[in-house]
Amino acid sequence: MFRLALLFFATAALAEDWPQFMFNAAHSGNAAQIDLDVDKLGLQGAVAMTDGIYTSPVVAGGKVYVVDGSGCAACFDAATLKELWRFQSKGGKQNVNNVSSPAIAGKYLHFGTTAGVYHVLDRETGAVVKEIDCGEPIFSTPVVAKERVYVATLGAQVLALTFEGEQQWKWDFVKEVVGFDGNRWSGESWAAFCEKRMLATLKPGTKPTSSDGRVNWKDHFVCSRDICLIKGNIVVIPAGGRTLFLEDTGAAPKLKATGEIPEWSGKEYPATFGQSADDDGNVYVQWHRRDNAGRVDIMRIEGDTLKTGDIVPGTDTNIRMDGLLSFSPVAIRGSDVFRVKPESGRGLIRHDLSTKESKPLSGAGAIAPPVLTKRHAIFGDLNGKLHFAPLDGGKTREHVLSDAPITAPAAVADGIVFVGSEDGRLYRLNPVLKAELVRKAPNSIPTIRSPLTSKLADAQYDWYTNYGNFAGQNSNNQDLKPPLRMRWARRLEGTVKHLPVCGGGRLYTHTAEGQIIAVEQDTGRLLWRRWWPDVYLSFTSPLYIDGKLLIPQAGMKKSFVRCLDAATGNMLWEAPFTGSPSWSRQFPPVVAGKIAIYASGSGDYAPQGSEKPYTFGGEPVKPADGSEVMSFIYSNDNPYYPKNHHPRVWAWDLETGKVVWEKDFYDQGRGGNDCGICILDGKLYYSVFFGYDADQRARRGLPVKNNGLTCCIDPKTGNILWQTNDYYVTAKCTLSARDGKLYIGGFNRAQQGTDDRFVWCLDANTGKLVWKSDAVTSALNVVSVGERFMFSNALRGKGNIFDRETGKVTFSILTNYACCRFTMSEPYVLGANMDMIDLSQEGKLVSTGPAIDSRECLGAVVSNGRIFYTSQASGFVVSQTYGPESKDLPPAWEVREAK
C-alpha cells in the first residue's frame, strides 16, 4: 500500500501552485481554496541543502524550489523530492543568512541574496537568465504582479523588473526621502552629511557638541523585512520605521503616501518586524518601538489619502502588560488576523476585528509566519515542530521534524506540505496510510566555516561578557581607529538591552523573549538558535567561558541560569534563581576558578505592580488575593520592593550546576534586583541598592537603617571579608574594578534629601573610601575604567571623564543619548548607531552611522579586531572592520569573486 501511494504521488499531476512567500503578493497567507486532510498527513521525505533554511519554499508545475542560507537554490520534483537542478549564487563564505524567499514569475525563479546579487533563473534548468548587482544586501523577498516583479534592497532601493529580469525603473528611498546622496553604508559619509546639516542649523556663536552632528532616528533607512503588493501596482515598503506606498505608474514610480506610526510608547520611527496585506489592500504592520512596546497597526490607501490609526485589538504590548511582542507578518482572512509570538502558551493567536476578541489557538512559541488553508493555520515553531491548528479552535496536530527551529512559512500544493528548517533540510508531509520517519544525517551547520583570521583572533581579545571582563572594566585596547567599514549584516527576530559577547570565533546574543543565538564572528552566519519557554523580558547578557555559555533566563513563572555547550547550544545544566533581571541588571554570572556566581533578588512579581511605587508607570493592578507584588520591569527611580524581597547571591559548580554556597542579605535590607558583581584579584565584590527613601520604608514597616550594601566575598566559600553600608550602587549600574580599586555609580541619589549623584572609589582590600567624585547627573550601567581613561555616561545628559586619582571631572561631553550602553575601546567610546567618540580629542565625534537603529539604548563592542553592533529596537545586527585591516575585509556585496 505504501509503495502504491508513493507511485500515485510520483505520477499524478499537481494542480495547485504556491508561487511566493505566504502564498500571494499581498503576503496575506490566505489560501482558502486549499483543503488539507491533516489526519492523514505524515512525514515522508526530507532533502538536505548546504546550510540552514530561513526562507519559504515555493511550488509550481509539480516542482518545489528552495533557497538556503548560503544562497544555494535547488529544484526538486514535488512528488518524489528527486533533485532536478542546483545553483550556487555568488559571494563565497560571506554569502550567508539569506532570508529572501524565492518567487515564481512565469517561467522564471526570482530571489536576492545577502551578497547583493539578484538572480533570475530558468525554472526548468536552473540556468542564469539575469544577474543584477545591487551593490548591497537583499533581505526582502520579491513580489510578483501580473507582468512585473518588485524587489527592495536592504538600503531601501526598489526595482521594478520584467519576468525576464529587465529593469523598468529604480527608486531610492535614501536619496528621495532622507536626502542622503553618499555611501549609505559608510560612517565617514554619514558624519560629513550630519556635520553639514548641523552647521546649517547651528546658531551663530554656538559651539557644537558631541551630540550634534550624529545620525538619529530620522535618518533610519534600512528595509530589512519583506515588501508586499496591494491593488495590483502599489508596492508597500517597510523602510526606516516608515511604511511607504510606491505606485507603479508604468514607466516610473510615484510615492503615493508615507505612513508613520502614531506616537505611543515613544515617538521615534519604530521598526517593522512584519508586514502583510489583505485582499482589500489593508496593510498590517507589526512594529516595535522600544522595550517590548509595539502592536499591529492597519493602514489603507483610499484614493490619494492614507488612512491610519486603526489597530488590531489585542496585539498591543509594552513593559506593563502581560504579553510579549511578535516578530512576524500576520496572516489575514476576512475579519480574522492570525499572529505568532515567541511566548509559551500564546504561540498562535486569532484576533477577531469584528468582536475585538483574541483567542490562543496554539501555545507553541514561534517566529515563523502562519499560513492559512481552508480549515487550518499552519506554522513551524522554535522547537522544530510543524503545527496544524484548526481555525475553529479544535485540537492542534503537530509533527516533530527536527530539533532545530522552523523560522519561515510553509508551502502547500495538492495536499503536500513543504517546509524548511534551520537544520538545513526541506521537509515534505504527504497524506499517506503510514508515516515513515526520515533518517537524519548529523547536522554540520553549527560548524564554523569561516574562522577569524585577524591578528587579534586569540581568546585574550574576546569581549566575553557584557562588561568586557569579570572586573567589569567595560574597556579594551585593540588599536581601534577610523575608517570603519561594513563587514556583514543580519536580521534579529527579538529585542535586546545588553551587548553581544564573543568567544570561540562566535558571537552570542540573548533576546528578551528567550532565544539564544550563535553566529560566526567573521561572516555573521547563523550557527545555532535555541529557545526556552516562559522567559519574560529577560534583558540579560550571555557569558562565554572555556567553551561554555552561561545565561540567566528569567520569567514570572520560573527563572534559570542555563549552561550550554557554546559550540552546539546543547544544554549541560540548569540551576534555578529568583528575581527580575530588568534593564538595570544586564550582567551574566562571573566565574572564579570553577565556580559561577550570580546575584539577584527574590519576591513576588506581576506584569504590573500592586502599588504605585512598585510600577514602572501606569495604574497599579491589585491581585485578586490582595497581596502586594512588584512590577517585573520595575521603576528606575528609587526602586521599592515588596516586603518579602530578599537580596540573594548564588554560587554553582561550573561543571555540574550544583550549589556551592548561597547568601541572603535579608538582615541588611530589602532589594536585590538593582545590584552589581565583579571579580578582582580573586575576590568577589557585591553591591546592592535598597532605595534612598528611608521615610517611605518606615511607613511600610520595612528596615530603615541601610540604603544599600557593598561587600567583599571569598568566592570559594562565600565568607564575607569586609562590608560597608556607606557606599553602594544606586540602581542601573554594576561594579567595576582595576588596580586595587572599586568604582561605584548609579542612577539615583544615595541619600534622602539630596539631589547630587557621585561616583565612589573604594579601596578593594578594605572597603574604605579613596575619593568621591565631583557631582554628576548620574553614572549609568557601569563606570568604564581603561588604561588611560575613566568614563561614565548619564541619562540624557553628559558623559564624564574622570581623573582616576582624585575623581575630579576633567572634561565632559554632551552625549545626550537616552540610556545608551556605551563601551570603551581606547581612546574611543562607542555609542548607538556605531557612533565613535574620541576621548583623546575631548569628545570629538569621528564617525557616525549608518542609522540602522531608531533607538539609542545600545552601543557597540570591539572584540577580536572587529566591531559588533546590535540594534535595540530594529531587529538588526551588523559587524564592521576598522583601520588599515579593513581594506582586506570588505563586505560580501563589494566582492564578486568567491574568497
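Residues numbered from 1 in each chain as written. Predicted model: local features only at pLDDT ≥ 70, side-chain atom pairs only at ≥ 80, totals over all residues. Heavy atoms only, no water.

Here the focus is the sheet that holds strand E16 (residues 242-248). With antiparallel pairing, the four strands of this open sheet are ordered in space as E14-E15-E16-E17. Where the open sheet ends on each side, the last strands, each with one partner, are strand E14 (228-230) and strand E17 (253-259). Ignoring strand direction, the axes of neighbouring strands in this sheet form an average angle of 30°. In terms of strand pairing, strand E15 (residues 234-239) meets E16 through six bridges, oriented antiparallel. In the sheet register, Ile237 faces E16, and the bridge partner there is Leu244. (Pairing = 2+ DSSP bridges. Helix = DSSP H or I, 4+ residues; strand = E, 2+ residues; numbered from the N terminus. Axes fitted to C-alpha atoms, helices over the stretch in contact; angles between N-to-C directions.)

Through backbone hydrogen bonds, the strands of a sheet pair up, either in parallel or in antiparallel fashion. Here four strands make up an open sheet; going across it, the order is E43-E44-E47-E48 and the pairing antiparallel. The open sheet is flanked by strand E43 (590-592) and strand E48 (659-664), the only strands paired with a single partner. Within this sheet the neighbouring strands show an average axis-to-axis angle of 25°, counted without direction.

Counting residues in hydrophobic clusters, the biggest one holds 79 residues, and the most contacted among them are Tyr150, Phe173, Ile237 and Leu480. Residues contacting Phe173, with those up to four places away along its chain left out, are Ala156, Val178, His220, Phe221, Ala239, Arg242 and Leu244. In this structure, Ala554, Val591, Ala592 and Phe690 belong to the second largest nonpolar core, which totals 52 residues. (Core = buried A, V, L, I, M, F, W, Y, C linked by side-chain atoms within 4.5 Å. Buried < 20%, exposed > 50% of the residue type's maximum accessible area, 1.4 Å probe, protein only. Contact = heavy atoms within 4.5 Å.)

Moving on to empty space enclosed by the protein. The rolling of a water-molecule-sized probe over the atoms marks out the regions of remaining empty space. All told, the structure shown has nine cavities of 30 Å³ or more when counted by the stated rule. A volume near 320 Å³ is recorded for the largest cavity. Surrounding the largest cavity, 23 residues form its lining, Tyr54, Val99, Thr407, Arg491 and Glu493 being those nearest its centre. At the level of elements, strand E18 (271-277), strand E34 (484-491) and strand E38 (526-531) are the ones that each hand at least two residues to the lining of the largest cavity. Ranked by the residues each element gives to the lining of the largest cavity, the list is headed by E18, at three residues. A class-by-class count of the residues in the lining of the largest cavity yields eleven nonpolar, five polar and seven charged. (1 Å grid on protein atoms, 1.4 Å probe; cavity = no way out; pocket = protein on both sides within 12 Å on 5 of 7 lines; lining within 4 Å. Points joined across faces, edges and corners; volume = space filled by probe spheres on them. Nonpolar A, V, L, I, M, F, W, Y, C, P; charged D, E, K, R; others polar.)

It is worth spelling out the packing of aromatic side chains at this point. As enumerated under the stated definition, the model contains 31 aromatic pairs in all. Here the aromatic rings of Phe180 and Phe193 are separated by 5.1 Å at their centres, their planes lie at 85°, and the arrangement is edge-to-face. Taken as a pair, Phe180 in the loop between helix H2 (173-178) and helix H3 (187-201) and Phe193 in helix H3 lie far apart in primary sequence, 13 residues in all. Residue Phe180 is classed as buried on the basis of its relative accessible area, which comes to 2%. Here the aromatic rings of Phe689 and Tyr728 are separated by 6.2 Å at their centres, their planes lie at 20°, and the arrangement is stacked. Of the two residues, Phe689 sits in strand E50 (residues 683-689) while Tyr728 sits in the loop between strand E52 (720-724) and strand E53 (736-738), which places them 39 residues apart along the sequence. Aromatic ring contacts, followed pair by pair, group Phe180, Trp185, Trp190, Phe193, Phe221 and Trp893 into a single cluster. For the cation-ring pair, Arg295 lies above Trp264, with the distance from its terminal atom to the ring centre recorded as 4.9 Å. (Phe/Tyr/Trp six-rings, centres within 6.5 Å; stacked < 30°, edge-to-face > 60°. Lys NZ or Arg CZ within 6 Å of the ring centre and 35° of its normal.)

Two side chains with opposite charge may pair up if their charged atoms get near one another. Taken as a whole and judged by the stated rule, the model has 42 salt bridges. For Arg184, the salt bridge is made with Asp172, and the minimal N-O distance between the two is 2.5 Å. With Arg184 in the loop between H2 and H3 and Asp172 in strand E13 (residues 167-172), the pair connects residues that are twelve residues apart, well separated along the chain. On the basis of relative accessible area, Arg184 is assigned to the buried category, the value being 7%. Taken together, the shared-partner salt bridges in this structure form one network comprising Asp51, Arg449, Glu520 and Arg525. (Salt bridge = Lys/Arg side-chain N within 4 Å of Asp/Glu carboxyl O.)

Let us now look at the pairing of strand E21 (residues 305-311). In this structure, strand E20 (residues 293-302) lies alongside E21, joined through five bridges in antiparallel fashion. If you follow Ile298 over to E21, its bridge partner there is Asp310. Once E20 ends, the chain turns through two residues before running back antiparallel as E21, passing Gly303 with a positive phi of about 70°.

Its location among the elements puts Asp51 in the loop between strand E1 (41-48) and strand E2 (58-60). Assessed through its relative accessible area of 1%, Asp51 is described here as buried. Polar contacts involving the side chain of Asp51 include one to the side chain of Ser70, which spans 2.7 Å. When neighbours within four sequence positions are excluded, Asp51 is seen to be in contact with Asp68, Gly69, Ser70, Gly424, Ile445, Arg449 and Arg525. (Polar contact = N/O pair within 3.5 Å; in protein donor to acceptor, adjacent residues only side chain to side chain.)

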